There are 2 protein chains.
Amino acid sequence: MKIGELAQLARCTVETVRYYEKAGLLAIPERNAANYRHYGAAHVERLRFIRNCRALDMTHEEIRALLGLMDTPAAQCGEVNQLLDAHIGHVDARIQELTELRAQLMDVRRQCHSEQSVSACGILQGLAQMDAGEKNGRHTHLG
Amino acid sequence: MKIGELAQLARCTVETVRYYEKAGLLAIPERNAANYRHYGAAHVERLRFIRNCRALDMTHEEIRALLGLMDTPAAQCGEVNQLLDAHIGHVDARIQELTELRAQLMDVRRQCHSEQSVSACGILQGLAQMDAGEKNGRHTHLG
DNA sequence: TGCACACCCTGAAGCGACTACAGGGTCAAG
DNA sequence: CTTGACCCTGTAGTCGCTTCAGGGTGTGCA
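Since we're looking at a predicted model, the values are computed, not measured. (Residues numbered from 1 in each chain as written. Chains lettered and ligands numbered in written order. Predicted model: local features only at pLDDT ≥ 70, side-chain atom pairs only at ≥ 80, totals over all residues. Heavy atoms only, no water.)

Participant: So what exactly am I meant to see when it comes to unusual backbone geometry here?
Facilitator: Note on backbone geometry: most residues besides glycine have negative phi, and most peptide bonds are trans. All names here are of chain B. One non-glycine residue, Arg11, adopts positive backbone phi at about 55°. With respect to the secondary-structure elements, Arg11 resides in the loop between α1 (3–9) and α2 (14–23). Taking relative accessible area as the criterion, Arg11 reaches 46% and is therefore assigned partly exposed. Of note, Asn35 is a non-glycine position whose phi angle comes to about 75°, a positive value. Mapping Asn35 onto the fold places it in the loop between β1 (30–31) and β2 (37–38). (Helix = DSSP H or I, 4+ residues; strand = E, 2+ residues; numbered from the N terminus. Buried < 20%, exposed > 50% of the residue type's maximum accessible area, 1.4 Å probe, protein only.)

Encoded structure:
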């Protein structure tokens, strides 16, 4: 099949497919006489795998590692488990971070009691004066 | 004060300070004879405001809007409230998204019961076969 | 047969929010 | 004078796409 059909089957764009090929996530396919890419079932499966991992907010590095393990079927699956557990940890950390962030936002939001002038509004003052605390770098790649 | 001191007071890097100046978030400061930037208390307060907003995952656009309102103190604070509420909505949406994503990850994780070969491991099969569902675009700028 | 449209191709640039690099200048202390 | 810390500008890179520019291919219809 051609790239448009592959992209449709995996619910992404042809640009993304070409990008993954360039990024080394997807194998370089055969070409026809017109230089059009030609894909088979293996590509569909691999692309779906990649898209699913992306939907789960895994980085290309994480996906690359999983693909590597997938290509050594006789290996033990301990590493697969580790990778997944690590990623779940990242997600947990980001949820925690956002939850705390939300609490701070609600604090600030509560400083405005009624429609008034900006100069009297507690929100901007709150944003100017709050202590965001030490943000010791990101604990997860997730935004 | 010089840029290093300002950056320290606002807990960011000098590169970030220069970046904000170039991005128009921070006013262009005076310079001394050596072309070093010279900052005062107003810059400290503004940079702290910006950093706090960033800590709350607001975009530069959102921050720009708030700064605009801050610079019109006689205006009504309704817009400030709207901006904050909208942003809280973004955070909520992202928390929701990550929570769902986490549930999917746990589903997949549960498909591995014991150390075995990769080919028998349910995780990779789960990742290949799962239905991530339609991801109809991002509902929030937060990652 | 020619045209229009859908799809294909490559390479480069852009997005947002920084961050790092390259190469050079200034200042203060020893 | 030397050294190290800090300052400067401009450029490029990070991540994961997405868009743009410019050109080729295939098919259906008038």
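Participant: For this particular structure, what's the right way to read the protein's contact with DNA strand C?
Facilitator: Neighbouring residues of DNA strand C: 18 residues in total, closest Gly4, Arg31 and Arg37 of chain A together with Tyr36 and Arg54 of chain B. Counted by atom, the contact set of DNA strand C within 4 Å of the protein is 78% sugar and phosphate. Residue Tyr36 of chain B places a side-chain N or O atom 2.9 Å away from a base nitrogen belonging to DNA strand C. Arg54 of chain B has a polar side-chain atom sitting 2.5 Å from a phosphate oxygen of DNA strand C. Contributing elements (two or more residues each) for the surface near DNA strand C: α1 (3–9) and α2 (14–22) of chain A together with α2 and α3 (41–55) of chain B. Among the elements that line the surface near DNA strand C, the one with the most residues is α2 of chain B, at three residues. Looking at the surface near DNA strand C residue by residue, the class counts come to seven nonpolar, five polar and six charged. (Near = heavy atom within 4 Å. Polar contact = N/O pair within 3.5 Å; in protein donor to acceptor, adjacent residues only side chain to side chain. Nonpolar A, V, L, I, M, F, W, Y, C, P; charged D, E, K, R; others polar.)

Participant: I would appreciate a short explanation of the environment of Glu21 of chain A in the present structure.
Facilitator: Residue and element names in this part refer to chain A. Within the secondary structure, Glu21 sits in helix α2. Judged by relative accessible area, Glu21 falls into the buried class, the value being 14%. In sequence terms Glu21 and Leu84 are 63 residues apart; their C-alpha atoms lie 24 Å from each other. If near-sequence neighbours (up to four positions away) are discounted, Glu21 is found in contact with Leu26, Ile28, Pro29, Arg31, Arg37 and Tyr39. (Contact = heavy atoms within 4.5 Å.)

Participant: What is the right way to read the relation of the copies chain A and chain B from this model?
Facilitator: Both copies of the chain are related by a screw-like operation: a rotation about an axis and a shift along it. The two copies are related by a screw motion: chain A maps onto chain B through a turn of 180° and a shift of 0.0 Å along the axis, at an RMSD of 0.2 Å. A rotation of that kind, with that shift, is consistent with a two-fold axis. With an isologous cut-off of 70% or more, the 100% of interface residues of chain A that recur at the interface of chain B puts this contact in the isologous class. (Least-squares fit on C-alpha atoms with pLDDT ≥ 70 in both.)

Participant: Explain the pattern of salt bridges to me, please; I cannot follow it from the model alone.
Facilitator: Side chains that differ in charge, positive against negative, can pair when their charged atoms come close. The full count for this structure, using the stated rule, is 18 salt bridges over all chains. One salt bridge in this structure joins Arg109 of chain B and Asp85 of chain A, with 2.7 Å as the shortest N-O distance. Note that Arg109 of chain B is positioned in helix α5 (residues 78–109) and Asp85 of chain A in helix α5 (residues 78–109), a pairing that runs across two chains. When the shortest N-O distance is used, the salt bridge between Arg64 of chain B and Glu61 of chain B registers 3.2 Å. With Arg64 of chain B and Glu61 of chain B both in helix α4 (residues 60–70) and three residues apart, the pair spans about one turn of that helix. Exposure remark for Arg64 of chain B: the relative accessible area of 32% places this residue in the partly exposed category. One continuous salt-bridge network, built from bridges that share partners, spans Asp57 of chain A together with Arg94 and Glu97 of chain B. (Salt bridge = Lys/Arg side-chain N within 4 Å of Asp/Glu carboxyl O.)

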